[in-house]
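# Commentary on secondary and tertiary structure
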Amino acid sequence: MNGAALADFVRRAAEVVTADADRLTRLDAAIGDGDHGLNLSRGFAAAVEALPVGAPPGKVLIAAGRAIVSKTGGASGPLYGTALRQAGKALGDAEEVDAALLGAALRSALDAVQELGQAAEGDKTMVDALIPAVAAYQAALGRSESLAECARAAAEGATEGAEATVPMKARKGRASYLGERSVGHLDPGAASTVLVLHALADVAAGEGG
């Protein structure tokens, strides 16, 4: 994947987040502030506007991340923005991203989210989708050097991880104030993580390899 492909990923993520904004907001209304879909769609729209032309992959993600941080309210802006910025930094000055390098970027994104949000697996946050996504990506990388296959595995891992948040009791964020009442609800951050990683898988599939 080159810089143009990573820009396509940001655009695709913006499309799917905007299309699903109402559902994300409903999920957030059940256990949070009720603004996740609106905030994230605004943030990714800003990211699309900020995409640099002709830049290498790392610069593309860093620019998108900065825009999300500056334009997105709530907790999702800093978390998603930091994830993209750290992923971009992990890519360095590479003009082309292969499966191994993208895997390292995803790992950096996860580490950044955990450091910022201080969330662990089982806390009912986006981390519960990111951790299995990264694990699935690495497992696929052990079998194949196909970036498309690894990205699809990550998306599937995120989907399973998000679904696993339904029976969890929230231990972080606004949802944690609800205690047992947070049980039975899909975490909105995990749900949006699924959308973003499926966007990545869609673009990677279009790239081939």
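Residues numbered from 1 in each chain as written. Predicted model: local features only at pLDDT ≥ 70, side-chain atom pairs only at ≥ 80, totals over all residues. Heavy atoms only, no water.

### Points about the side chain of Ser41
With respect to the secondary-structure elements, Ser41 resides in helix α3 (residues 36–49). Within the structure, the side chain of Ser41 is placed 2.9 Å from the backbone oxygen of Leu38, a separation counted as a polar contact. Discounting chain neighbours no more than four positions away, the residues touching Ser41 are Val17, Thr18 and Ala21. (Helix = DSSP H or I, 4+ residues; strand = E, 2+ residues; numbered from the N terminus. Polar contact = N/O pair within 3.5 Å; in protein donor to acceptor, adjacent residues only side chain to side chain. Contact = heavy atoms within 4.5 Å.)

### Considering the confidence of the model for the protein chain
Residues at a pLDDT of 70 or more form 96% of the protein chain, whose mean pLDDT is 93. Across the protein chain, element-level confidence peaks in helix α8 (residues 147–163) with a mean pLDDT of 98 and bottoms out in helix α2 (residues 21–31) with 91. (pLDDT = per-residue confidence, 0-100.)

### Considerations on the packing of α3 against helix α4 (residues 57–71)
Running from N to C, α3 and α4 cross one another at 140 degrees; their axes reach a closest spacing of 8 Å. In terms of orientation, α3 lies oblique with respect to α4. Regarding α3 and α4, the two cross each other, and that crossing is right-handed. Contacts from Arg42, Gly43, Phe44, Ala46 and Ala47 of α3 reach α4 at Ala64, Ala67, Ile68 and Lys71. The residue makeup of the contact of α3 with α4, split by class, is six nonpolar, one polar and two charged. (Axes fitted to C-alpha atoms, helices over the stretch in contact; angles between N-to-C directions. Parallel < 35°, antiparallel > 145°, perpendicular 65-115°, else oblique. Left-handed = near helix turned anticlockwise from the far one by under 90°. Nonpolar A, V, L, I, M, F, W, Y, C, P; charged D, E, K, R; others polar.)

### Brief notes about the side chain of Asp187
Residue position: Asp187 is located in the loop between α8 and α9 (188–207). Buried within the structure, Asp187 lacks any salt-bridge partner; Lys124 is the closest side chain of opposite charge, at an N-O distance of 6.5 Å. Within polar-contact distance, the side chain of Asp187 engages the backbone nitrogen of Met126 at 3.5 Å. Within the structure, Asp187 has its side chain in polar contact with the backbone nitrogen of Gly189 (distance 3.1 Å). Once residues within four sequence positions are removed from consideration, Asp187 is found in contact with Ile31, Lys124, Thr125, Met126 and Thr165. (Buried < 20%, exposed > 50% of the residue type's maximum accessible area, 1.4 Å probe, protein only. Lys, Arg positive; Asp, Glu negative; His and termini not counted. Salt bridge = Lys/Arg side-chain N within 4 Å of Asp/Glu carboxyl O.)

### Focus on empty space enclosed by the protein
Any space left empty among the atoms is revealed by the rolling of a water-sized probe across them. Under the criterion given, the structure shown has one cavity of 30 Å³ or more. Each pocket or cavity is described by its volume, and for the largest cavity that value is around 240 Å³. At the level of secondary structure, the elements contributing two or more residues to the lining of the largest cavity comprise α1 (3–19), α5 (76–91), α6 (99–117) and α9. In the lining of the largest cavity, the residues fall into 17 nonpolar, one polar and no charged. (1 Å grid on protein atoms, 1.4 Å probe; cavity = no way out; pocket = protein on both sides within 12 Å on 5 of 7 lines; lining within 4 Å. Points joined across faces, edges and corners; volume = space filled by probe spheres on them.)

### Overview of the pattern of salt bridges
Counting across every chain of the model gives six salt bridges. Residue Arg12 is joined to Asp202 by a salt bridge in which the shortest nitrogen-to-oxygen separation is 3.4 Å. With Arg12 in helix α1 and Asp202 in helix α9, this pair connects stretches of sequence that are 190 residues apart. With a relative accessible area of 30%, Arg12 lands in the partly exposed category. What emerges from the salt-bridge pattern is a single network uniting Arg12, Glu15, Arg152 and Asp202.

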